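Architecture at a glance
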Amino acid sequence: MIRTCGLEKYFGNNHVLRGIDVTVNPHEVVVIIGPSGSGKSTFLRCLNLLEKPTAGQVFFRGQCITDPHINVNEVRREMGMVFQRFNLFPHMSVIDNITLGPTKVRGVSIDEARQTARDLLKKVGIAEKENAYPSELSGGQQQRVAIARALAMKPTAMLFDEATSALDPEMIGEVLDVIRNLAEEGMTMVVVTHEMGFAREVGDRILFMDEGLILEEGPPQQVLERPQNPRTQAFLSKVL
Amino acid sequence: MTLDFSIIPGIMPALLLGTRLTVELAIIAVAIGLVIGSFAGIGRVGGNRIVRIITGIYVDFIRGTPLLVQLFLVYFGLPSLIGRPIPPFLAAIAAMGINSGAYIAEIVRAGIQSIDRGQIEAARSLGLTYSQSMRYIIFPQAFRRIIPPLGNEFIAMLKDSSLVSVIALEELLRKGQVVITRTFRPFEVYMVVALIYLTMTLAISRLVAWSEKRLKIVD
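Summarised in this report is the structure supplied together with it. (Residues numbered from 1 in each chain as written. Chains lettered and ligands numbered in written order. Predicted model: local features only at pLDDT ≥ 70, side-chain atom pairs only at ≥ 80, totals over all residues. Heavy atoms only, no water.)

**Describing the overall build of chain A**
Assigned secondary structure in chain A consists of 9 helices and 10 strands. Against the globule reference of 18 Å for 240 residues, chain A gives a C-alpha radius of gyration of 18 Å, in line with a compact fold. C-alpha atoms of chain A, sized along the principal axes, occupy 55 × 45 × 30 Å. Among the 240 residues that make up chain A, the fraction classed as buried is 56%. (Helix = DSSP H or I, 4+ residues; strand = E, 2+ residues; numbered from the N terminus. Rg over C-alpha atoms; globule rule 2.2 N^0.38 Å. Buried < 20%, exposed > 50% of the residue type's maximum accessible area, 1.4 Å probe, protein only.)

This is how it looks when you write it as structure tokens:
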């Protein structure tokens, strides 16, 4: 579904990604863990080209999307992204946040988009908030709207960039529940997270990243309980 | 010599006529400035390098030179170039409009850049194009932040329009000068002129403060 090949990214002289080769299979949940500044988020943002890779390729559904002739908008509509800081549109009501993409990008009728939006709000457990504005919602509610907004585009894959890191502890659970349900439905997902328990539970595969490289990967039990790489061991001993 | 404010009723009709022209000049100038400034402000943050450079030069030149010099360039300078005179009113609104455009361009630029990067990222990640993201996400939010500084720009134009008195346009200040030749009461007349400016600028800044509060509620 998603494959990267020798992916590198520089910010100025800062070599953030040093050659990443990853394959994400359909219906797979790949969880990326690692210390801050290891390049996890940058890697994720390269997948939908919010960051332009300096070198290497990204393939999505067999197509090389780092090719300059590719229409990035057509790629992005197929990949939903959820941000650490929600990034809801503050001047729009919840339902307008969710219907904007489908109506403007996919050309869905407003009635149909609203119906879909209501179904999604029900699914993420805040059906009653459709006319509220983002500032009237708690962090957990905002993030659930953000997930609904991404899902409204009917994406084939979802990217989660530390979706619970900006939340108060008591709100993390409600957001993780939504992501967990998505995983159970078979959504293809790449999840960057600091929640190790969650990583173990939903991840089909865990990638450990440090200093722009993937140092270890494998099933959760293997990476989290019997890490081979000394830096994975050091990281896990700090966070577990 | 004592102050004589009994002349006031007699001079008010003339001064109010001048006030009307002052307000007209400021409104037209800011309207022109809004059109120029919107394009120039967007050009300043846009992706096209050439456009960024051109708009940058425009903004720097206008903000780095006095409005009076710009006015002279248009009114006295340009006719020698094009071979015929430019009517004072046209010269005034042209100079003021172009001047205002540069300041408004900076207001628009700052307004756009004040919007969190996450907003455009969220919009683009949904598959919206750059111009769709600008139109539906960035501009509506930037617009609210632009209103108050735009009000201040209007106040500045209202005051700076007094400069066009030097090209014989009978706006408020010029009307005052004319009235003085009739009444020989410069202090009283200039005082009234100043108070008329003050009344207008105070009213507008109140309006700006009120709109600022209103817009914050929605934010």
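**Focus on the overall build of chain B**
When helices and strands are tallied, chain B shows 8 helices and 0 strands. Scanning chain B from its N terminus toward the C terminus, one meets helices and strands in the order α-α-α-α-α-α-α-α. Along the longest, intermediate and shortest principal axes, the C-alpha atoms of chain B span 75 × 50 × 20 Å. Sorting the 219 residues of chain B into buried and exposed places 45% on the buried side. When the accessible surface of chain B is split by element, carbon and sulfur atoms take 69% of a total near 11,500 Å². Taking the 21 positively charged and 13 negatively charged side chains of chain B as two groups, their mean positions are separated by 5 Å. (Areas by Shrake-Rupley, 256 points an atom, 1.4 Å probe, with all protein chains shown as cover. Lys, Arg positive; Asp, Glu negative; His and termini not counted. Charge placed at Lys NZ, Arg CZ, Asp CG, Glu CD.)

**Things to note about the pairing of strand E6 (residues 79-82) of chain A**
Residues and elements named next belong to chain A. Alternating residues of E6 divide into Met-79 and Met-81 and Gly-80 and Val-82, and every residue in both groups is buried. Two strands pair when backbone bridges link them, and E6 and strand E7 (residues 157-161) are joined in this way by 4 bridges, in the parallel orientation. Residue pairing for E7: Met-81 is matched across the bridge by Leu-159. (Pairing = 2+ DSSP bridges.)

**Here's the deal with the sheet that holds strand E4 (residues 55-60) of chain A**
Residue and element names in this part refer to chain A. In spatial order, the strands read E2-E1-E4-E5; together these 4 strands make up an open sheet with antiparallel pairing. Two strands close off the open sheet at either side, each with one partner strand: strand E2 (14-24) and strand E5 (63-64). By the bridge criterion, 8 bridges tie strand E1 (residues 2-11) to E2 in an arrangement that is antiparallel. Note on E2: the bridge partner recorded for Tyr-10 is His-15. Along the sheet face, helix H1 (residues 40-47) touches E1, E2 and E4 and points at about 120° away from the line of E1. (Contact = heavy atoms within 4.5 Å. Axes fitted to C-alpha atoms, helices over the stretch in contact; angles between N-to-C directions.)

**Looking at the sheet that holds strand E3 (residues 29-33) of chain A**
Residue and element names in this part refer to chain A. Strand order in the open sheet formed by 6 strands is E6-E7-E8-E3-E9-E10, and the pairing between neighbours is mixed. Each end of this open sheet is capped by a strand with a single partner; those strands are E6 and strand E10 (213-218). The mean inter-strand angle of the sheet, taken between neighbouring strand axes irrespective of direction, is 15°. Strands in contact with H1 are E3, E6, E7, strand E8 (188-192) and strand E9 (205-210); relative to E7, the strand with the most contacts, it is inclined by about 150°.

**Comments concerning the pattern of salt bridges**
Under the defined criterion, the tally for this structure stands at 23 salt bridges over all chains. Because the salt bridges share partners, they merge into one network encompassing Arg-45 and Glu-51 of chain A together with Arg-117 and Glu-121 of chain B. (Salt bridge = Lys/Arg side-chain N within 4 Å of Asp/Glu carboxyl O.)

**A few points about a nonpolar patch on the surface**
A cluster of nonpolar side chains, Leu-3, Phe-5, Phe-187, Met-191, Leu-195, Leu-198 and Leu-202 of chain B, forms an exposed patch at the surface whose accessible area comes to about 650 Å². Here Leu-3 of chain B is to be found in the segment before helix H1 (8-45). (Patch = residues over 30% accessible without salt bridge, like charges linked within 9 Å, V, L, I, M, F, W, Y side chains within 5 Å.)

**Points about the layout of surface pockets**
Residues and elements named next belong to chain B. For the largest pocket, the calculated volume is near 410 Å³. Forming the boundary of the largest pocket are 15 residues, of which Arg-117, Ile-120, Glu-121, Tyr-130 and Met-134 lie nearest the centre. At the level of secondary structure, the elements contributing two or more residues to the lining of the largest pocket comprise helix H4 (88-113), helix H5 (117-125) and helix H6 (130-160). Classifying every residue of the lining of the largest pocket gives 9 nonpolar, 1 polar and 5 charged. (1 Å grid on protein atoms, 1.4 Å probe; cavity = no way out; pocket = protein on both sides within 12 Å on 5 of 7 lines; lining within 4 Å. Points joined across faces, edges and corners; volume = space filled by probe spheres on them. Nonpolar A, V, L, I, M, F, W, Y, C, P; charged D, E, K, R; others polar.)

**Observations regarding the interface of chain B and chain A**
Chain B puts 19 residues into the contact, and the matching count from chain A is 25 residues. Buried area between chain B and chain A, summed over both chains or domains, comes out near 1,900 Å², and the portion from carbon and sulfur atoms is 58%. Taken together, chain B and chain A are joined by 2 salt bridges. Between Glu-121 of chain B and Arg-45 of chain A there is a salt bridge, and its shortest N-O distance comes to 2.7 Å. (Buried area = accessible area lost by both parts, 1.4 Å probe.)

**Some details on the packing of helix H2 (residues 49-63) of chain B against H4 of chain B**
All names here are of chain B. Running from N to C, H2 and H4 point in directions that differ by 115°, and their axes come no closer than 9 Å. Relative to H4, H2 is oriented so that their crossing is left-handed. Contacts between H2 and H4 involve Tyr-58, Val-59, Ile-62 and Arg-63 from the first element and Ile-98, Asn-99, Gly-101, Ala-102, Tyr-103, Ala-105 and Glu-106 from the second. Split into classes, the residues belonging to the contact of H2 with H4 amount to 7 nonpolar, 2 polar and 2 charged. (Left-handed = near helix turned anticlockwise from the far one by under 90°.)

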